[in-house]
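# Overview (structure and organization)
Each chain, letter by letter, is given below.
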Amino acid sequence: MEVMSTARGKSREPIATGTRRRRIRPSRARGLRTRTGCLTCRERRVKCDDVKPQCGRCSKADRICRYAPVTQPEGLPSSQPPSVGASYVPAESSVPVHQGSIESHESQSQSHSPISLLSISPLEWYDLLARDAISNLHRLNGASSSGDPGWKLPEIALSRRESPAPDCPEAHLERLAQLEHRDNGIEAPLVDQYQISEPWNTPNRIELSAVDFIFFQYYIEVVGPILDLFDTARHFSNVVPHLALRNTGLLKSILAVGAKHMSLGLTDGPEVESPAPAHMATQYYYETLHYLSQTLLYPSYADSREILATATMISTYEMFDADSACTGGDWEQHLRGSFWIQRSQDNDGESVDGLRRAVWWAWLRQDIWAAFQAGRPTLTFWRARKPLEELDSDELATRIVYICGKCVAYAASHGRSPHEDPRPRIEQGDRLLRALDEWHRVLPASYQPVMVAMHSTSQTPFPPIRIHPPNHAGAMQMYHFARATVLLNQPTMGGLDAYCLRDKQLDESVKTVCGIANACQDHESAIAFVNVQALFAVGQFVRSSEMQGELLRTLENMLRISKYPARRLVAQLQKVWGN
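Model, not experiment: these values are computed from the prediction.

## Observations regarding the overall build of the protein
The secondary structure content of the protein amounts to 20 helices and four strands. Relative to its full complement of 579 residues, the protein shows a buried share of 55%. Of the roughly 26,400 Å² of accessible surface on the protein, a fraction of 52% belongs to carbon and sulfur atoms.

Structural data, given as structure tokens:
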């Protein structure tokens, strides 16, 4: 069992014994309750003198000082997300993947966003959710005349409320002391350490109804493994469900995700299942928002693992709903909100807490795919600190996800003036390709194929390539996704030889990606998700009509297995080939 730390990876102080008086530390969360002070100090949880335009602390530390706007939207009792104009460029303008390998200049994607990223608090993230939910609620209830039962949840139920009671850190520490002073000296189960009767958790485990259990089980068996592909500890399958049985909002969110994904596998037309998964998914989603409206003002909840997991569930729900005409932009906005919730908790890919780390990698995988499709940079500017030589085989799998994010950011800066000197961009692409080569060079034997079908009965130009374990197969797909992304967006000044070398490298990536995808079985929806993304990326290079047809067949099979709602990808590839 992994030994988890408390938030921010800091160990708890030992509890005193005997007659010695136990020192009670003041809660760091108390400072979050104030609505005064600059956003920078509030994020850092330090006292602010509220001096404008730059407070004393920010002036002394030479930090950017930001104050929230004082506007208020219609229909919601909270501050509206600020308009574009106060865009933020982080100090980390050079983000190396491996020391000395990459100096990827990331102009952060605030210019692509309707909101300023560093102005998003958990409360403002909720306002985004509520605003979009109310809009969709009108649409859904307007369609109820067609036989849909409709949703009776009033809009006021989505408005934020003041917390019914303040947090009590002293009582929390007393319960913590009781937990740590168990007579048997055995460490408490993982979940119990984080479920110490917080005011936003239930005192007892929630009992599931027969209907709830259907979608709960589906989440554990199907959706959790998709999120857990690069997490060998399987936090989303093994830990999050137990957290959810003490937290109503998290429970409703995973039921929503399970029901939404289940609905994607149904054929077009009226749903005969009772209850209909699509309808239940929407109902669970609005119940999640209703819970958030009542709970977000607890400082401890805004800094909890539960809100991190819930934010991941919500962005996953939006990803599954991304093909919907009415919610196409919601996923982008909610990914940005989830990004800032993690930033406010200092969460990243090397957090000591395993669940916090798993949340960050799951979020990055989603953001890479959303950014790639939108042609924008990825949002993160976190720097990986551990050198390649210190990573184990599974950490190498997540490191390629990190590098892939830098490659997507590189592609987003394509399309500059034709009169601009191409050499800096060529050099930046070369640094990314060297980083990819360095990663590939240190791979252990588990990244090699265990089977390559040289003689296939279907005479496919892409014989199946089986790599085990699945996260290593997914890592190889991300490697070729990243390499193809750089090669397709890097200018060349090397003449015919450089052009032929690029074609050879892209052809190799196409064959490997298609081969790994062709080895995917019907029950392997987790790797099928990654296959869809890699196939779409390398497929833009394929020119032969025969290979295009074969890649398209493989892509459609992966869409079927994963139930990924991205049918438009087929049309987009055909458009690229037509041009």
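Text resumes after the structure shown.
## Quick look at the packing of aromatic side chains
All told, the structure shown has 21 aromatic pairs when counted by the stated rule. Seen in terms of ring centroids, Phe 215 and Tyr 284 are 5.9 Å apart; in terms of plane orientation they differ by 75°. Their pairing is edge-to-face. Of this pair, Phe 215 sits in helix α5 (residues 210–227) while Tyr 284 is found in helix α9 (residues 277–295), placing the two residues 69 residues apart along the sequence. Considered together, Phe 215 and Tyr 284 belong to a single accessibility category, that of buried residues. A ring pair is formed by Tyr 291 and Tyr 301, whose centres lie 6.0 Å apart and whose planes are at 80°; its orientation type is edge-to-face.

## Concerning the state of the cysteines
Taken as a whole and judged by the stated rule, the model has zero disulfides. Cys 41 takes part in no disulfide bond, and the closest cysteine sulfur, belonging to Cys 38, lies 3.5 Å away. You can see Cys 407 has no disulfide; the closest cysteine sulfur is in Cys 404, sitting 6.1 Å from it.

## Some words on the pattern of salt bridges
If charged atoms from side chains of opposite charge come close, those side chains can pair. For the coordinates displayed, the defined rule picks out 18 salt bridges. For the salt bridge of Glu 508 with Arg 483, the shortest nitrogen-to-oxygen distance reads 3.5 Å. Of the two residues, Glu 508 is situated in helix α17 (residues 495–518) and Arg 483 in helix α16 (residues 470–489); the sequence distance between them amounts to 25 residues. You can call Glu 508 partly exposed: its relative accessible area is 43%.

## Observations regarding the packing of helix α13 (residues 354–374) against helix α18 (residues 525–539)
One way to put it is that α13 packs onto α18 with a least axis distance of 12 Å and a crossing angle of 30°. Between α13 and α18, the angle is such that the two are roughly parallel. The two elements α13 and α18 meet at a crossing, and its hand is left-handed. Where α13 abuts α18, its residues Arg 365, Trp 369 and Phe 372 lie against Val 530, Gln 533, Phe 536 and Ala 537. Across the contact of α13 with α18, the residue classes break down as five nonpolar, one polar and one charged.

## A short note on the confidence of the model for the protein
When pLDDT is averaged along the protein, the result is 76, and 67% of the positions lie at 70 or above. Scored below 50 in pLDDT, residues 1–34 makes 62 contacts in the model with residues more than four places away or belonging to other chains. In this model residues 71–119 is a low-confidence stretch, pLDDT under 50, and it forms 115 contacts with partners more than four residues away in sequence or in other chains.

## A look at the side chain of Gln 548
One can find Gln 548 in helix α19 (residues 545–562). Excluding anything up to four places from it in sequence, Gln 548 contacts Val 542, Arg 543 and Trp 577.

Criteria and thresholds
- Residues numbered from 1 in each chain as written.
- Predicted model: local features only at pLDDT ≥ 70, side-chain atom pairs only at ≥ 80, totals over all residues.
- Heavy atoms only, no water.
- Helix = DSSP H or I, 4+ residues; strand = E, 2+ residues; numbered from the N terminus.
- Buried < 20%, exposed > 50% of the residue type's maximum accessible area, 1.4 Å probe, protein only.
- Areas by Shrake-Rupley, 256 points an atom, 1.4 Å probe, with all protein chains shown as cover.
- Phe/Tyr/Trp six-rings, centres within 6.5 Å; stacked < 30°, edge-to-face > 60°.
- Disulfide = S-S within 2.5 Å.
- Salt bridge = Lys/Arg side-chain N within 4 Å of Asp/Glu carboxyl O.
- Axes fitted to C-alpha atoms, helices over the stretch in contact; angles between N-to-C directions.
- Parallel < 35°, antiparallel > 145°, perpendicular 65-115°, else oblique.
- Left-handed = near helix turned anticlockwise from the far one by under 90°.
- Contact = heavy atoms within 4.5 Å.
- Nonpolar A, V, L, I, M, F, W, Y, C, P; charged D, E, K, R; others polar.
- pLDDT = per-residue confidence, 0-100.

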